[in-house]
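Observations on chain architecture
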Amino acid sequence: MSELSLDHVTKVYQDDDEEIVAVDDISVDIEDEEFLVLVGPSGCGKSTTLRMIAGLETITEGEIRLGGTVINDVDTQDRDIAMVFQSYALYPHLTARGNMSFGLEESTDLPDADIEERVEEVASMMGIDDLLDRKPGELSGGQQQRIALGRAIVRDPELFLMDEPLSNLDAKLRAEMRTELQQLQRQLGVTTIYVTHDQTEAMTMSDRIAVMDQGELQQVGEPLELYHDPNNMFVAGFIGEPSMNFLHGAYSDGTFVSDLFEYPLGRAIEDAVSGTSELVLGIRPEEIEVLDDAAVGDDPAHEYEMHVTVVEPMGDQNVVHLSRPGTDDMSDNLVAVTEGLRDVAEDSTATVRLPSDAVHFFDGATGVSLHNRQLDLTEETLRL
Ligand code: ADP
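Residues numbered from 1 in each chain as written. Predicted model: local features only at pLDDT ≥ 70, side-chain atom pairs only at ≥ 80, totals over all residues. Heavy atoms only, no water.

A word on the overall build of the chain
Within the chain, the secondary structure is distributed over 10 helices and 21 strands. Its C-alpha atoms give the chain principal-axis dimensions of about 75 × 45 × 45 Å. In the chain, which comprises 384 residues, the proportion classed as buried is 50%. If you take every contact in the chain between residues at least 6 apart in sequence, the share linking residues at least 24 apart comes to 66%. (Helix = DSSP H or I, 4+ residues; strand = E, 2+ residues; numbered from the N terminus. Buried < 20%, exposed > 50% of the residue type's maximum accessible area, 1.4 Å probe, protein only. Contact = heavy atoms within 4.5 Å.)

Given below as structure tokens:
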């Protein structure tokens, strides 16, 4: 039995005369001890989903079950759930110790000494013992978020719900806290649902990712599954940074024809796309090969001369913007990623290859994936 089940859950807000479907018929099962990241752009219904699980919003339709029990009508304080928010929501007049013990004092009849012991234990595990006697105003953002996390952990809940907990931190601290949080979750083994709009957090922290758009669940899967085998253009474009390139075109006689180039399809791709006239070719920037002179001509059918418009050196890699030869027209450009030490000059001509085992094809009308890149991956590899 799954730890938490969302069964055809819908939330409709009534805003004057207008009905807003914030969450549209979502079903997902979360396993015990799993770290599930709910990801999607702003307004896609992530927080509303989390708030329904927490009991902070009513459920319009469907059922939420925790440990097999329907919790639709259970009060928030009676659900064995702890939440961590973007705003740390610490009491300013209480010390860190006071903030961490407050929930336990209110919701349990544990003796003060036991609460104190539990707070010390969690603080020590998290390496925040030396902060316990400070008030929030004397703590940095990262330290405050650690206290807020500690406060959730001391409650030893059945479920953690986290709503963008790292988004107020600067980039470096956010990266550190990602690792820390992930380790803590593994160590504690508490089932966690974590909401973010940041695909990097989703990819790096989760056991599985649930991608949402416009209230609807687009796909649920392990990070690499979503990256390599997306259900549709939304998931393909949302997961991965820089985003997957999409070229709109059409099928014609065994070839994908776009304004930028013609791309001959092999038998497998042809079978997958046959019958669909409007097509979109997708390829990830890291799969586009910017060729050395010596490599040009190995697969001439899938090689194209492009104009290098902009090169963004990131140190470990270069992000290379390519456009139609002879133009700076960025409208149907491609973005490629090359190795950082590779010298690619701006305003030059480059030959690029789009390997046929790395391209995706989508139905241009519906966005549904027709053919995903072919990887010889076993279940084991995907789990690494
Ligand atoms: P996310 O967390 O993904 O940014 P939300 O769950 O906050 O998205 O919101 C989903 C949709 O529901 C949005 O269109 C938002 O405007 C709408 N919404 C959220 N809360 C309310 C509310 N209390 N009343 C009316 N509409 C709301």
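From this point, the narrative continues.
Concerning helix H5 (residues 171–188)
Given a rise of 1.5 Å per residue, 18 residues ought to cover 26 Å, and the 25 Å separating the end C-alpha atoms of H5 matches this to within 8%. Backbone geometry just after H5 places Gly 189 at a positive phi near 65°. (Expected span 1.5 Å × (residues − 1).)

Considering the pairing of strand E9 (residues 208–213)
Burial analysis of E9 places five of its six residues in the buried class, which makes it a mostly covered element. One ladder, built from four bridges, connects strand E3 (residues 35–39) with E9; its direction is parallel. Among the inter-strand pairings, Val 37 is bridged to a residue of E9, identified as Ile 209. Of the pairings in the sheet, the one linking E9 to strand E10 (residues 216–221) comprises five bridges and is antiparallel in character. Within the sheet, the bridge partner assigned to Val 211 lies in E10 and is Gln 219. (Pairing = 2+ DSSP bridges.)

Description of the domain arrangement of the chain
Taken domain by domain, the chain comprises domain 1 (4–233) and domain 2 (243–382). On a C-alpha basis, the centres of domain 1 and domain 2 stand 38 Å from each other. Each side of the interface is counted separately: domain 1 has 11 residues, and domain 2 has 15 residues. Across the domain 1 to domain 2 interface the summed buried area is about 1100 Å²; carbon plus sulfur atoms make up 59%. For the domain 1 face of the interface with domain 2, the top three residues by lost area are Tyr 227, His 228 and Met 233, together amounting to 59%. Where domain 1 packs against domain 2, one counts zero salt bridges. Our count for the domain 1 to domain 2 interface comes out at seven residue pairs in polar contact (both at pLDDT 80 or more). The residue inventory of the side of domain 1 that touches domain 2, partitioned by class, reads five nonpolar, three polar and three charged. (Domains from an automatic or database assignment. Buried area = accessible area lost by both parts, 1.4 Å probe. Salt bridge = Lys/Arg side-chain N within 4 Å of Asp/Glu carboxyl O. Polar contact = N/O pair within 3.5 Å; in protein donor to acceptor, adjacent residues only side chain to side chain. Nonpolar A, V, L, I, M, F, W, Y, C, P; charged D, E, K, R; others polar.)

Let's talk about the sheet that holds strand E4 (residues 61–66)
Pairing within the open sheet is antiparallel, and its four strands lie in the order E2-E1-E4-E5. Single-partner strands in this sheet number two, and they are strand E2 (18–30) and strand E5 (69–70). Pairing between strand E1 (residues 4–15) and E4: five bridges, direction antiparallel. Counted as the bridge partner of Ser 5 is Arg 65 from E4. Each of E1, E2 and E4 is contacted by helix H1 (residues 46–54), which is oriented at about 115° to E1, the strand it contacts most. (Axes fitted to C-alpha atoms, helices over the stretch in contact; angles between N-to-C directions.)

Concerning the sheet that holds strand E8 (residues 191–196)
Backbone-to-backbone hydrogen bonds join strands into a sheet, with any given pair of strands oriented parallel or antiparallel. The six strands are arranged E6-E7-E8-E3-E9-E10 in an open sheet whose pairing can be described as mixed. Every other strand in the sheet has two partners, leaving strand E6 (81–84) and E10 as the edge strands with one partner each. Here the strands of the sheet are splayed against their neighbours by 15° on average, with no regard to which way each runs. With respect to the sheet, helix H4 (residues 141–154) is in contact with E6 and strand E7 (159–163), its orientation differing from that of E6 by roughly 175°. Lying on the sheet, H5 is in contact with E3, E7 and E8; it crosses E8 at an angle near 160°.

A short note on unusual backbone geometry
Here the bond from Glu 241 into Pro 242 is cis, since omega is -5°, no more than 30 degrees from zero. With respect to the secondary-structure elements, Pro 242 resides in the loop between helix H8 (233–238) and strand E11 (245–252). If you check the backbone angles, Glu 164 has positive phi at about 45° while not being a glycine. Its location among the elements puts Glu 164 in the loop between E7 and H5. Phi angles above zero are rare outside glycine, and Asp 347 is one such case at about 60°. As for its position among the elements, Asp 347 is in the loop between strand E18 (334–339) and strand E19 (348–353). Overall, the relative accessible area of 60% leaves Asp 347 in the exposed class.

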